[in-house]
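Listed below are the residues making up each chain.
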Amino acid sequence: MASTAATRIHGKEREELADILRKRVSGEVRFDPFSRVLYSTDASIYQMEPVGVVIPQNVDDVLAAMEVARENNIPLLPRAGGTSLAGQTVNHAIVIDFSKNLNQVLEVNSEEGWARVQPGIVLDQLNRELAPHGMMYAPDPTTSSRACVGGGIGNNTCGAHSVIYGKSLDHILEVDAILADGTQTHFRNMEAHELEAKLSGTGLESDIYRGVRNISQGNIAEIKARYPNIMRRVSGYNLDEFLTDDPFNLTKMVVGSEGTLCVVTEAKVNLVPRPTMTALSILHFSDIVQASEAIVEVLRHEPSSIEVMDNILLQRSRESLGHSGDLSFIQGDPGALLAVEFYGESEGELVSKTNTLKRDIEGKGLAYACVNILDRPGQNRVWNLRKGGLGLLMSVHGDAKPLPFVEDTAVDPETLGPFVKRFDEIVRNHGTEAAYYGHASVGCLHIRPLVSLKSSEGVATMVSIADEISDLVKEYGGSLSGEHGDGIVRGVYTEKMFGPEIYQAFQELKRTFDPQGIMNPGKIINCPPMTENLRYGPDYHAQTIPAKLDFSIDTDFAGAVEMCNGMGACRKLEGTMCPSYMATKDEEHSTRGRANLLRAAMSGRLP
Ligand SMILES: Cc1cc2nc3c(=O)[nH]c(=O)nc-3n(C[C@H](O)[C@H](O)[C@H](O)COP(=O)(O)OP(=O)(O)OC[C@H]3O[C@@H](n4cnc5c(N)ncnc54)[C@H](O)[C@@H]3O)c2cc1C
Ligand code: SF4
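In the annotation of an unreviewed UniProt entry, the entry for the chain reads FAD-binding PCMH-type domain-containing protein, and the organism field reads marine metagenome. In its Cofactor (unreviewed entry) section, UniProt records this for the chain: "FAD".

(A) Examining the UniProt feature "domain: FAD-binding PCMH-type" (unreviewed entry) in the chain more closely. UniProt records the feature "domain: FAD-binding PCMH-type" (unreviewed entry) at residues 46-274, using the numbering of this structure. Its end C-alpha atoms 37 Å apart, residues 46-274 is made of 28% helix and 19% strand.

(B) Broad picture of the site of ligand 2. Taken together, the neighbourhood of ligand 2 is formed by C564, N565, G566, M567, G568, A569, C570, T591 and R592. For the shell around ligand 2, the residue count by class is four nonpolar, four polar and one charged.

(C) Spatial organisation of the packing of helix α14 (residues 311-319) against helix α16 (residues 376-394). Remark: α14 packs on α16, axes separated minimally by 9 Å, with the N-to-C direction vectors making an angle of 85°. As the angle between them shows, α14 and α16 are arranged roughly perpendicular. Counted together, I312, L313, L314, R316 and S317 of α14 and L385, G389, L390, L392 and L393 of α16 form the full contact between these two elements. Its residues assigned to classes, the contact of α14 with α16 comprises seven nonpolar, two polar and one charged.

(D) Examining unusual backbone geometry more closely. Look at the link from D246 to P247: it is a cis peptide, with omega at 5°. Along the chain, the position of P247 falls in the loop between α10 (220-226) and α11 (251-254). Located in the positive-phi region is N156, a residue other than glycine, with phi close to 55°. On the secondary structure map, N156 appears in the loop between α6 (149-155) and α7 (162-165). Despite not being glycine, E302 has its phi angle at roughly 55°, a positive value. Within the element layout of this structure, E302 appears in the loop between α13 (295-299) and β13 (305-310).

Reading the values: rules and limits
Residues numbered from 1 in each chain as written. Chains lettered and ligands numbered in written order. Predicted model: local features only at pLDDT ≥ 70, side-chain atom pairs only at ≥ 80, totals over all residues. Heavy atoms only, no water. UniProt positions renumbered as here; feature names shortened; annotations may be inferred. Helix = DSSP H or I, 4+ residues; strand = E, 2+ residues; numbered from the N terminus. Near = heavy atom within 4 Å. Nonpolar A, V, L, I, M, F, W, Y, C, P; charged D, E, K, R; others polar. Axes fitted to C-alpha atoms, helices over the stretch in contact; angles between N-to-C directions. Parallel < 35°, antiparallel > 145°, perpendicular 65-115°, else oblique. Contact = heavy atoms within 4.5 Å.

Here's what the structure looks like:
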C-alpha cells in the first residue's frame, strides 16, 4: 500500500526526494524534522508524521509535487488550516500546504452572486473582502477565523446557519482540480452533450465520469435505503448526488472527499446577500433534554440559526475572567440555553418575530424564560460566549480531555430529545461526562466525552463509547458526521453506517479516481484502526522539566504544553493573537506550532 511506502522513506531517500522537489518547485520544500513535527497533527486525536512538506507558490508547484509523489509512489495530502477533527489532515505523505500562498480572491461577480477563489483563503478573510459588495460566503464553521475554503470543500463544512444555507456542497459551484495522474480539469454542471463527450472519451478524466455515473446509478436502491434522510449527512462520499444525469457536476463528488480523490486549486463559490439585521431570543431550560425537545417547535418560527449551550459551558464561562462579563443576559441557573437567531429587514420585523416566539414558547411552557436581544453588542456577547465558551470547554486541565471521537453526530431534529437522553446514558455508563453544544437547528451536536488516552483503559473506553454511539446513530437513522468529516475516527465505521454494498461502491469510486492509491489514503474508507497513530497513547511519555514558574494547575510544564488541542485559533489573521503568525503565515510561528515542537522535544521525538 502507498502509505507503507511512505513510512519506509527516511534518511538518504528522504533527502533525495527533497532534492528532486527543490529542483521542480519554486515554493518551499521543508523536509527537516521540525517541519515534519509541525504538520504531524491537526485538531484530532491523531498524529502522523509526513514525509515532508511543500508550500507551493503557484499551481505549477502543486502539479510538480503531485508528479514527484506519483513517480515515487508516495501518498499526497492537501492541507489548508489544519483544523480538522477526525484525522483527515494528517498522513505519512507529502503535505501540500495551500494556506500560505494560494489564498487570494481572484474575481467577484456580485450581480451573478459568485466569486472565484484560491483554496487557501481563510473564510473570514473572504467575507471581509466580500463585505463591500454586500455579499458573503455562507458556510460558517466556528473556526472561520482560520479555516480555509479548500478545507471546507474537503470536509463539506457547514455552520451555525446551515438551516437556511445548507452545506458547502450547496455553495461550491465549480472547481479546478488536478487528478491523481496530473490531469488538470475543471468540474462544473455539464450539458447533456458535454457529459456525453466526457463519457465517451479516453484517459483518467473520462474513466472518472463513467465510473461515478455507473457506481451511483448502479446502486440507486441501496443508496436510497442506506443514506440517512437528513440534511446534515456528511459521512461517506456523495454518491446520492449522481442518481440522475441532470444535473451532473463532479464538483459534488469532490466536496466532502477529504483530499482522497483529487486536489483543488481553485473554486467558484456561491455568494448570498448579507443579512440586513438580526436579533436573538435566548430560551432558558432546566436541562439539555428539555432544550432538545423544544427545537421542533422553535423551527416552526423559521429562525436563521439555533445554537445550544449546556450548563458545563456556562459554568466554565462563569469561571473565566474573559467571559464572565458576557453572561448578564442569563436568567436564573439554566441547565441549557437555545440561542435562536432571526434575520429581518427592519427592527419592527425582528421585534415581531422574537415576541411571537417568546409568547409561543412561554405559552406552551417549553422554556422557563425567553430573553430577546436586539442590540448588536448584546448579540455579540452571546456569540462570543458560544464561540469562546468552546475554547474554555476544551481547556480542561489534567490527562482526561474532552476528545473529538463521537463529537459530530447528526439526527433528525425531531428525534434530538430522546437521542440526547440515550447519548448521555452511554457516556455516563462509561463513568465519564460530556459537555453539549452545537447546531441544534439541524440536529448536529458536538459532544466530547472526557477521556484520557494515556492509559489502555482510557483507549478501551473511547472505543467502547464510539461503538455504542455508532449503534445509536444507526438506530436513529442519523449520520456519524454532520459536518466535521470522517477521517479515521469515523472512517472506521463507514461500512457499519452504509452497509457492505455501499462500502464496496466507495472503494470502487476511490480506485476510479486514484488507481495508484496515493491521494490521502486511509481516510473515509480503508482506515487504520482508530487506536493507532494516537497523538497520546499508553506509550506516550513526556520528560519532566524543572520550571521556575508554577505549572501545578496543569500538573507540570508538560501538562501546560499538552493543553494545546490543535484547534488553531492562534492562526487567525485579525485581532489579538499571534503577531508572528500573522506576519509570516508560518505554522512554526503560531502558538500551536510552538506547542507541538515543545511536546515533540519533551516526548523524545525531536532531539
Ligand atoms: C473547535 C472547532 C470547531 C469547529 N467547528 C466547526 C463547525 O462549526 N462547522 C464545521 O463544519 N466544521 C467545524 N470544525 C471542523 C473544521 O474546522 C472545518 O471542517 C474546516 O472547514 C476545516 O478547514 P481547514 O482549512 O482547517 O481544513 P484542513 O483541516 O486543512 O483540511 C480539511 C480536509 O480538506 C482537504 N483539503 C484541504 N485543502 C484541499 C485542497 N486544496 N484540495 C483538496 N482537498 C483539500 C484536506 O486534505 C482535509 O481532508 C471545527 C473544528 C474545530 C477544531
Ligand atoms: S495554541 Fe491555543 S489557540 Fe493555538 S491551537 Fe493550541 S489551543 Fe488552539
